[in-house]
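Coordinate inspection notes
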Amino acid sequence: MSKRLTAALLVGAFTVSTAALAQGMSFDAVDSNQDGFVTFEEISAAVPSLSEDVFNAADMNQDSLLDPDEFEAVQP
């Protein structure tokens, strides 16, 4: 993925995540099974408007999971 596309997707993530953060969303709140990772399904339940492309852009190691650092990357 190009750096320009990644940057554009992360800007979108910042916009979407602002609403979630304003509602008091935290990593622990989104990690519904408390396994230490957030799946696309978990974050979609918390922030339905978050696209899979934005999720994948935040998933730096491409393991289909967001760890706490990757989750923070989508926070403003």
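This text follows the structure it describes.
Here is a short report on the structure shown in this document. Note that the coordinates shown come from a computational prediction; the quantities given were computed from them, not determined experimentally.

In this section: the packing of aromatic side chains. Applying the stated rule across the entire model yields two aromatic pairs. An angle of 80° between the planes, with centres 5.4 Å apart, marks the rings of Phe-27 and Phe-71 as edge-to-face. Taken as a pair, Phe-27 in helix α2 (residues 27-30) and Phe-71 in helix α5 (residues 68-73) lie far apart in primary sequence, 44 residues in all. By the burial criterion, Phe-27 is buried, and Phe-71 matches it. Their ring planes at 70° and their centres at 5.6 Å tell us that Phe-40 and Phe-55 sit as a pair that is edge-to-face. Highlighted residues: Phe-40 in helix α3 (residues 40-46) and Phe-55 in helix α4 (residues 52-58), separated in sequence by 15 residues.

This part covers unusual backbone geometry. The phi torsion at Gln-34 lies on the positive side, around 55°, for a residue other than glycine. With respect to the element layout, Gln-34 can be found in the loop between α2 and α3. Among the residues examined, Gln-34 registers a relative accessible area of 51% and is labelled exposed. A positive phi angle, near 65°, is found at Ser-64, a position not held by glycine. Following the sequence through the fold, Ser-64 ends up in the loop between α4 and α5.

Here we come to the environment of Ser-32. Mapped onto the elements of the fold, Ser-32 is located in the loop between α2 and α3. Sequence separation of Ser-32 and Ala-46 is 14 residues, and the distance between their C-alpha atoms is 9.6 Å. A distance of 3.3 Å separates the side chain of Ser-32 from the side chain of Glu-42, its partner in a polar contact.

Calculation notes
Residues numbered from 1 in each chain as written. Predicted model: local features only at pLDDT ≥ 70, side-chain atom pairs only at ≥ 80, totals over all residues. Heavy atoms only, no water. Phe/Tyr/Trp six-rings, centres within 6.5 Å; stacked < 30°, edge-to-face > 60°. Helix = DSSP H or I, 4+ residues; strand = E, 2+ residues; numbered from the N terminus. Buried < 20%, exposed > 50% of the residue type's maximum accessible area, 1.4 Å probe, protein only. Polar contact = N/O pair within 3.5 Å; in protein donor to acceptor, adjacent residues only side chain to side chain.

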